[in-house]
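# Observations on chain architecture
The residues making up each chain are set out below.
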Amino acid sequence: MTSMLKLENLEISFATNRGSLHAVKGVSLDIDAGESIGIVGESGSGKTVLSRASMGLLAPTATRTGTVTFDGKEISSLSREEVRETWGTGMAMIFQDPMTALNPVRRIGPQIMEGLTVRLGMSKADARKRAIELLGRVRIPDPEQALNKFPGQLSGGMRQRVMIAIALACNPKLLFADEPTTALDVTVQAQILQLLSELRKELNMSMVLVTHDLGVVAGHTDKIAVMYAGEVVEYATTKDLFARMRMPYTEALMKSIPRLSTPSGSRLPVIEGRLPDPTKPEPGCLFASRCPYAQEKCHTQHPDLTTDSDGHQYRCFFPLGAAQ
Amino acid sequence: MTTTFDGNTAHLRPSEQTLLQIKDLVVEFDLGGGRVVKAVSNVSLDLVEGETLSIVGESGCGKSTLGKAILQLPAPTSGSIVFQGTDITKLSKKDLRNVRPAMQMIFQDPVSSLDPRFPVSRAVEEPLKIWNRGNEMERSAKVDELLNSVGLDPALVRDRRPYEFSGGQCQRISIARALALEPKLLICDEPVSALDVSVQAQILNLLQDMKEAYGLTLIFISHDLAVVKAVSTRIMVMYLGKVCEIATPDELYSNPKHHYTSALVGSVPVPDPERKISATLLEGEPPSPLDPPSGCRFRTRCPAATELCATEEPMLRLAADGHYVACHHPRD
């Protein structure tokens with residue numbers, strides 16, 4: 001398999017008035033063509049910054065080291081224009097809130113056609129045809145009529161379908177989906193995830209699914225990277241991660257998911273405490289203060305990413321399931 | 001056909017046992033041009049003191065409108081809301097105002113429901129000030145007590161403003177503010193859907209603790225059946241402004257009678273990659289409430305719909321002990 005996106009030792013920090021904020025710390029990931037990867041973490045874990053950096057969408061206040069290689073090209077070596085060239089045809093992104101991502105005062109049609117005419121040089125008539133086809137593909141009923149609607153006339157789920165149609169318009173090789181279903185109802189969430197999975201297979205596209213919910217990535221990804229406080233703390237195939245999680249943080253995240261099997265009247269397991277302050281580096285494991293298994297070593301030494309013989313990576317001195 | 005009043009009240013308990021009893025509540029919005037949306041149509045429900053009733057349904061099913069209508073925000077179009085023995089829809093403005101402290105609400109987006117310019121202490125103190133409770137020192141002590149009880153350190157948070165806090169912490173502040181006047185009834189409108197999974201559990205546990213500590217009765221509005229499982233005494237499922245099913249959580253999940261409930265249960269994401277995608281995944285989206293389907297409102301998406309469903313509206317009836325369903329062809 002060929003590598004579609006390769007992150008090597010990526011570090012991103014922002015200058016703030018409280019000092020340097022280290023948002024992403026030494027992240028290395030590799031996504032093959034046609035592969036789907038889930039990036040899971042809480043708010044503030046750096047998962048969104050990571051995906052934006054991969055697309056070359058970082059704010060000017062950000063400092064970046066390490067490399068991002070997309071389809072054989074190093075993103076930082078490209079000019080602004082060359083990066084723009086990769087958007088749409090190479091990489092595309094869908095965002096959490098489809099209402100604010102769409103232009104509220106433009107009809108759906110022109111918003112989908114824009115990429116087609118600008119990037120692919122299609123005529124207006126061809127672009128319109130393709131837009132109708134795209135809307136059908138994302139299962140919007142009566143696509144021709146939908147072209148003339150404004151975003152405000154559509155439901156949240158329908159707006160997210162329009163976002164997906166826009167992202168897919170120029171046949172990208174890699175799709176970033178940043179919390180694509182967080183703003184949606186549970187029933188619509190299931191539909192959108194199903195749709196993304198089907199389209200990905202149909203178009204043989206790579207996908208990065210960014211979410212805070214392990215339940216969302218379980219059925220829809222090949223690999224999962226769990227992030228905590230800017231670091232990848234566990235990285236494995238989806239099957240392996242759920243079968244044998246090694247990192248106590250992943251376990252805690254898993255336990256906190258509300259489930260239908262939770263007995264009524266019971267207390268839900270929580271992760272006590274909070275994420276460490278990203279402007280104040282800590283010497284030990286970043287999860288140590290919240291970890292139920294933490295020992296002295298965890299507070300003083302920083303664990304490196306360890307790789308098992310089967311390629312399962314984790315950042316812990318005392319991984320789950322290991323002989324103590 | 002018209003809805004008969006008695007048809008949808010089978011699930012109500014004797015009124016002398018209840019803290020809140022709502023009968024035949026209708027909320028309509030006039031869109032102008034003769035178009036009227038019936039957001040809540042003929043809903044009845046009741047709450048016994050100390051209970052938690054969860055109202056579950058998709059966007060647009062009327063669950064938030066129902067929650068707000070109970071607080072007369074705005075007042076419902078018709079129907080009765082008997083709270084502690086008084087029908088509050090019939091009260092004068094002044095009398096209604098005196099009832100309000102006993103009924104409070106917390107909202108979905110904790111950051112925007114706090115005034116960004118108010119420090120935390122002022123936000124939590126405001127209800128006490130408006131109602132002239134205690135002098136300045138007593139109020140300040142009460143604010144500290146409230147902040148402590150929601151798990152925030154008063155010394156650290158008192159003088160800070162909402163933007164300095166995470167979503168979960170802002171929700172804690174909102175809860176402290178809602179509890180300031182020691183309400184009987186707390187309506188929580190999607191209180192955790194804007195929060196991370198790991199923080200959701202903290203807030204759900206906190207609400208359970210507060211319920212015990214302050215003797216609250218809760219109405220919990222959510223679109224996610226998994227979220228309400230642990231906290232509810234009863235769950236009511238709504239679709240397009242109507243009640244589909246009411247049962248205790250264990251009964252509802254193990255034995256959903258309504259096809260809509262069963263689809264909702266099937267949509268909950270399960271953290272297990274081996275699990276097959278549910279066959280009961282709902283197609284499409286709810287029809288427009290401007291022009292709801294005749295008969296059973298769910299029939300356009302229901303796998304078991306027959307001709308009867310198009311002509312006759314199903315009424316709530318007893319399916320099992322404490323389990324009521326509005327369906328002509330309930331699941332086995």
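Residues numbered from 1 in each chain as written. Chains lettered and ligands numbered in written order. Predicted model: local features only at pLDDT ≥ 70, side-chain atom pairs only at ≥ 80, totals over all residues.

### With respect to the overall build of chain A
A tally of regular secondary structure across chain A gives 12 helices and 12 strands. A compact globule built from 324 residues should have a C-alpha radius of gyration of about 20 Å, and chain A, at 21 Å, falls within 12% of that. Considered along the principal axes of its C-alpha atoms, chain A spans approximately 65 × 55 × 45 Å. Among the 324 residues that make up chain A, the fraction classed as buried is 45%. Taking as baseline every contact in chain A between residues at least 6 positions apart, the subset at least 24 positions apart corresponds to 64%. (Helix = DSSP H or I, 4+ residues; strand = E, 2+ residues; numbered from the N terminus. Rg over C-alpha atoms; globule rule 2.2 N^0.38 Å. Buried ≥ 20, exposed ≤ 12 C-beta atoms within 10 Å, placed from the backbone. Contact = placed C-beta atoms within 7 Å.)

### Some remarks on the overall build of chain B
When its secondary structure is counted, chain B shows 11 helices and 12 strands. Residue burial in chain B is summarised as follows: out of 332 residues, 48% are buried.

### Some remarks on the sheet that holds strand β2 (residues 35-48) of chain B
Neighbouring strands of a sheet are bound in pairs by backbone hydrogen bonds; such pairs are parallel or else antiparallel. Residues and elements named next belong to chain B. Reading across from one edge, β2-β1-β4-β5 is the order of the four strands in this open sheet, with antiparallel pairing throughout. This sheet does not close on itself; its edge strands, each paired only once, are β2 and β5 (86-87). One ladder, built from five bridges, connects strand β1 (residues 18-32) with strand β4 (residues 78-83); its direction is antiparallel. Counterpart to Leu20 in the pairing with β4 is Phe83. (Pairing = 2+ DSSP bridges.)

### A few points about the environment of B:Phe118
As for its position among the elements, B:Phe118 is in the loop between β6 (103-106) and α3 (120-130). Sequence-wise, B:Phe118 and B:Gln21 are 97 residues apart; in three dimensions their C-alpha atoms are separated by 36 Å.

### Let's talk about helix α6 (residues 167-179) of chain B
All names here are of chain B. Over its 13 residues, α6 runs 18 Å from end to end, which matches the ideal 18 Å to within 8%, given 1.5 Å per residue. The element α6 is largely enclosed, with a buried count of 12 among its 13 residues. For α6, the complete set of buried residues consists of Gly168, Gln169, Cys170, Gln171, Arg172, Ile173, Ser174, Ile175, Ala176, Arg177, Ala178 and Leu179. For α6, the elements touching its buried residues are β6, α3, α4 (136-149), β7 (185-189) and α7 (197-214). (Expected span 1.5 Å × (residues − 1).)

### Details of the pairing of β2(B)
Residue and element names in this part refer to chain B. Counting buried positions over the 14 residues of β2 gives 10, a clear majority of the element. Sheet topology note: the β1/β2 ladder contains 10 bridges and is antiparallel. Looking at the pairing, Val27 lines up with Val40 of β2. Turn length for the β1-β2 hairpin, with the two strands adjacent in sequence and antiparallel, is two residues, and the turn residue Gly33 shows positive phi of about 65°.

### Side note on the confidence of the model for chain B
Any region with low pLDDT has predicted coordinates that should not be read closely. Residue and element names in this part refer to chain B. Taken as a whole, chain B shows an average pLDDT of 91; of its residues, 96% reach a score of 70 or greater. Per-residue pLDDT stays below 50 along residues 1-5; that stretch engages in five contacts with residues further than four places along the chain or on separate chains. Among the prediction metrics, the complex's ipTM stands at 0.80, with pTM recorded as 0.87. (pLDDT = per-residue confidence, 0-100.)

### With respect to the interface of chain A and chain B
Between chain A and chain B, the contact holds 37 residues from the first and 38 residues from the second. Residue contributions to the side of chain A that touches chain B peak at six residues, all from helix α8 (residues 186-203) of chain A. For the side of chain A that touches chain B, the per-class residue count stands at 16 nonpolar, 15 polar and six charged. (Nonpolar A, V, L, I, M, F, W, Y, C, P; charged D, E, K, R; others polar.)

### Description of the sheet that holds strand β8 (residues 217-222) of chain B
Residue and element names in this part refer to chain B. The mixed open sheet is built from eight strands, whose spatial order is β6-β7-β8-β3-β9-β10-β12-β11. The outermost strands of the open sheet, each flanked by one partner alone, are β6 and β11 (317-320). Here the strands of the sheet are splayed against their neighbours by 25° on average, with no regard to which way each runs. With three bridges connecting them, β11 and strand β12 (residues 323-325) associate as antiparallel partners. From the neighbouring strand, Leu318 faces β12, where its bridge partner is Tyr324. Packed onto the sheet, helix α10 (residues 259-267) meets β3 (52-56), β9 (234-239) and β10 (242-247) and runs at close to 105° relative to β9. (Axes fitted to C-alpha atoms, helices over the stretch in contact; angles between N-to-C directions.)

### As for the packing of α3(B) against α4(B)
Residues and elements named next belong to chain B. It is the contact of α3 with α4, at a shortest axis distance of 10 Å, that shows an interaxial angle of 120°. Judged by the angle between their axes, α3 and α4 are oblique. Considering how the two elements wind past one another, α3 and α4 form a crossing that is right-handed. Taken together, the residues of α4 that come into contact with α3 (itself represented by Ser121, Val124, Glu125, Leu128 and Lys129) are Arg139, Lys142, Val143, Leu146 and Leu147. (Parallel < 35°, antiparallel > 145°, perpendicular 65-115°, else oblique. Left-handed = near helix turned anticlockwise from the far one by under 90°.)

### Quick look at the environment of B:Arg161
Counting through the fold element by element, B:Arg161 comes out in the loop between α5 (154-157) and α6. It is 45 Å that separates the C-alpha atoms of B:Arg161 and B:Phe298, two residues lying 137 residues apart in sequence.

### Let's talk about the pairing of strand β4 (residues 62-70) of chain A
Along any regular strand the residues' side chains alternate between the sheet's two faces. Residue and element names in this part refer to chain A. With eight bridges connecting them, strand β1 (residues 3-16) and β4 associate as antiparallel partners. From the neighbouring strand, Leu5 faces β4, where its bridge partner is Phe70. Inspection of the sheet shows β4 paired to strand β5 (residues 73-74) by two bridges, in the antiparallel sense. Among the inter-strand pairings, Thr69 is bridged to a residue of β5, identified as Glu74. Hairpin connection of β4 to β5: two residues between the antiparallel strands, including Asp71 at a positive phi of 50°.

### Some points on unusual backbone geometry
Residues and elements named next belong to chain B. In this model, Leu73 is joined to Pro74 through a cis peptide bond whose omega is -5°. Position of Pro74 relative to the elements: it lies in the loop between α1 (63-70) and β4. With a phi close to 50°, Gln84 is a non-glycine residue in the positive phi region. A tally of 14 C-beta atoms within 10 Å means that Gln84 is categorised as partly exposed.

### Quick word on the packing of α6(B) against α7(B)
Residues and elements named next belong to chain B. Relative orientation of the contacting elements α6 and α7 amounts to 15°, with a least axis distance of 10 Å. In terms of axis orientation, α6 runs roughly parallel to α7. For the element pair α6 and α7, the recorded crossing hand is right-handed. Side by side, α6 and α7 meet where Gly167, Gly168, Gln171, Arg172, Ile175 and Leu179 of the first sit next to Val199, Gln202, Ile203, Leu206, Met210 and Tyr214 of the second. A breakdown of the residues in the contact of α6 with α7 according to their chemical character gives seven nonpolar, four polar and one charged.

### Side note on α10(B)
With respect to burial, α10(B) is a largely interior element, eight of its nine residues being buried. Buried within α10(B) we find B:His259, B:Tyr260, B:Thr261, B:Ser262, B:Ala263, B:Leu264, B:Gly266 and B:Ser267. Considering only its buried residues, α10(B) is in contact with α8 of chain A together with β3, α8 (225-229), β9, β10 and α9 (249-254) of chain B.

### Description of the environment of A:Ser13
Residue and element names in this part refer to chain A. Positionally, Ser13 belongs in strand β1. Judged by C-beta crowding, with 21 C-beta atoms within 10 Å, Ser13 ranks as buried. For the pair Ser13 and Met247, spaced 234 residues apart in sequence, the C-alpha separation works out to 25 Å. Leave out the neighbours within four places in its chain, and Ser13 touches Ser20, Leu21, His22, Ala23 and Thr63.

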